[in-house]
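For reference, the chains in residue letters:
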Amino acid sequence: MALLDKYAPLAEQYRRLEEAGANPFNVPFDEVLSPTEAVIGGRKTLLLGTNNYLGLTYDPAVIEAANTATSAMGTGTTGSRIANGSYGGHKQLEAALADFYGRRHGMVFSTGYQANLGIISALAGKGDHLLLDADSHASIYDGSRLGYAQVTRFRHNSPDDLANRLRRLADEPGDKIVIVEGIYSMLGDTAPLREFAAVKREYGACLVVDEAHSLGVLGATGRGLAEQAGIEADVDFIVGTFSKSLAGVGGFAVTDMEGADILRVVSRPYMFTASLPPGVIAATEAALHQLRTRPALRASLNANALRLYRGLEKLGFALGPEPSPVVSAIMPSPEAAFGFWAALLKAGLYTNVSLPPATPKGLALLRSSVSAAHSPAQIDQAIALFAAIGRELGLLTGESVLAAAK
Ligand code: PMP
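Draft legend 1. Main features of the nonpolar core. One finds Leu193 and Met331 to be the most contacted residues of the largest nonpolar core, which totals 91 residues. At eight residues, helix H12 (residues 334–346) tops the list of elements feeding residues into this core. The residues that make up this core include at least three from each of domain 1 (12–47 + 295–404) and domain 2 (59–293).

Draft legend 2. Main features of the side chain of His129. With respect to the helices and strands, the residue His129 is situated in strand S5 (residues 129–133). Assessed through its relative accessible area of 2%, His129 is described here as buried. A polar side-chain atom of His129 sits 3.4 Å from the main-chain carbonyl oxygen of Pro173.

Draft legend 3. Expanded view of the packing of helix H3 (residues 88–101) against helix H10 (residues 278–293). The N-to-C vectors of H3 and H10 enclose an angle of 20°; their axes lie 9 Å apart at closest approach. It follows that H3 is roughly parallel to H10 by the angle criterion. Helix-helix and strand crossings are classified by hand; for H3 and H10 the assignment is left-handed. Where H3 abuts H10, its residues Gly89, His90, Gln92, Leu93, Ala96, Leu97, Asp99 and Phe100 lie against Ile281, Thr284, Glu285, Leu288, Leu291 and Arg292.

Draft legend 4. Expanded view of the sheet that holds strand S10 (residues 251–255). An order of S4-S10-S9-S8-S7-S5-S6 is seen for the seven strands of this open sheet, with the pairing classed as mixed. The outermost strands of the open sheet, each flanked by one partner alone, are strand S4 (105–109) and strand S6 (150–154). When strand polarity is set aside, the average angle formed by the axes of neighbouring strands in this sheet is 20°. The sheet contact formed by strand S9 (residues 237–241) and S10 spans five bridges and is antiparallel. Counted as the bridge partner of Ile238 is Val254 from S10. Across the sheet, helix H5 (residues 138–146) lies against S5, S6, strand S7 (176–181) and strand S8 (206–210), angled at about 165° from S5, the strand it touches most. Along the sheet, helix H6 (residues 159–168) contacts S5, S6 and S7; its crossing angle with S6, the most-contacted strand, is approximately 150°.

Draft legend 5. Examining the confidence of the model for the chain more closely. The pLDDT averaged across the chain works out to 96; a share of 97% of its residues lies at or above 70. Low pLDDT (under 50) marks residues 399–406, which in the prediction has 17 contacts with non-local residues, meaning those over four places away or in another chain.

Draft legend 6. Region of interest: the packing of aromatic side chains. Enumeration according to the criterion identifies 10 aromatic pairs in this entry. Ring geometry for Phe29 against Tyr350: centres 5.2 Å apart, planes inclined by 80°, an arrangement best described as edge-to-face. With Phe29 in the loop between helix H1 (8–19) and strand S1 (31–34) and Tyr350 in strand S12 (residues 349–350), this residue pair connects regions lying 321 residues apart in the sequence. Taking the relative accessible area as the measure of exposure, Tyr350 reaches 9% and is therefore buried. Ring centres 5.0 Å apart and planes at 65° place the aromatic pair Phe100 and Tyr101 in the edge-to-face group. For Phe100, a relative accessible area of 3% gives the class buried. Tyr101 sits in the buried class, given a relative accessible area of 4%. Three or more aromatic residues link up through ring pairs in this structure, and these residues are Phe100, Tyr101, Phe242 and Phe252.

Conventions and cut-offs
Residues numbered from 1 in each chain as written. Predicted model: local features only at pLDDT ≥ 70, side-chain atom pairs only at ≥ 80, totals over all residues. Heavy atoms only, no water. Core = buried A, V, L, I, M, F, W, Y, C linked by side-chain atoms within 4.5 Å. Buried < 20%, exposed > 50% of the residue type's maximum accessible area, 1.4 Å probe, protein only. Helix = DSSP H or I, 4+ residues; strand = E, 2+ residues; numbered from the N terminus. Domains from an automatic or database assignment. Polar contact = N/O pair within 3.5 Å; in protein donor to acceptor, adjacent residues only side chain to side chain. Axes fitted to C-alpha atoms, helices over the stretch in contact; angles between N-to-C directions. Parallel < 35°, antiparallel > 145°, perpendicular 65-115°, else oblique. Left-handed = near helix turned anticlockwise from the far one by under 90°. Contact = heavy atoms within 4.5 Å. Pairing = 2+ DSSP bridges. pLDDT = per-residue confidence, 0-100. Phe/Tyr/Trp six-rings, centres within 6.5 Å; stacked < 30°, edge-to-face > 60°.

Here it is as structure tokens:
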């Protein structure tokens, strides 16, 4: 028991949420009905807090691919990629990802979290320098600890701050590796990638872009922010996940770097874990095919994102700086976020609560995410519920209280 005493203040908060029957961090879905609806606590609920950006979790072709592969190859590989866990499907998916990105190498990991751990820790060892955006995802921070490199954080989305820090490191030995994200998962803002790419070129650094939230969302063919910004040639490694637009689980990295296959035998998060089951691999390849051949999904997603963003903005909510499939309302306090979240759920709308340290600037966020599968009527229904509960809780009276928290 004493071992866990260090968590006492947090445990007390957690207990109170559980007691109130409204713990956003422990919500079982009784049934999932579609990409946009589930039964939660016995009530049919509109889902506005999943990462199912393209709504492909129930796509017939994706489900069939999963079923066929499972029937043919079994439920799991029971082994690592470097032992008995590399099947033809893993290789085929790596080739499909490399082809999609126009790169020579593709590498599949068991989660997106592990893709970041595996790439970052293998690229940046002792004596090297990692330069991380201050708002980086936990997997990027955790990966940077794993490799024993020296870690420097630069101001969020600030190419000038990155340039200053690279300048100071110019005479230091070791490789310099810069990591940024396409769309940031907490506030839905995008990185100024053209400017980051220019800094990277000037200082001869390596650039890694995590497109977890931008794959299938941005770019002329859905490859992400680097494609949209026209700087793919400056990105040395693209990292991403299968758990959002690709509707499954897993992660990947693609690169043109000569000799990249060596990462397969030095990247511990790739080597020392079991590989993805054949059904997941086949489903992911089928989802990638849908992503590539149905640009209308991306168009619906972005239209829904804009509809939700503009709707909440008009109501007076303080939001992230730009429309994106992640639409976060900034709450005045964690308590307000919990209260708002619980009231929305009671009214039949599921969203997410995000709190520090996961959020930037200590913000308490009520975080929504949009899917291509939402109908405009569902988005409008969500906006109406935000309006009703915002007023009920006194958060939308007169000039927005929330704006003060921005
Ligand atoms: N990178 C970013 C930016 C993410 O937001 C996430 C997941 N939220 C991940 C990586 C990890 O992805 P996965 O869920 O596949 O482990």
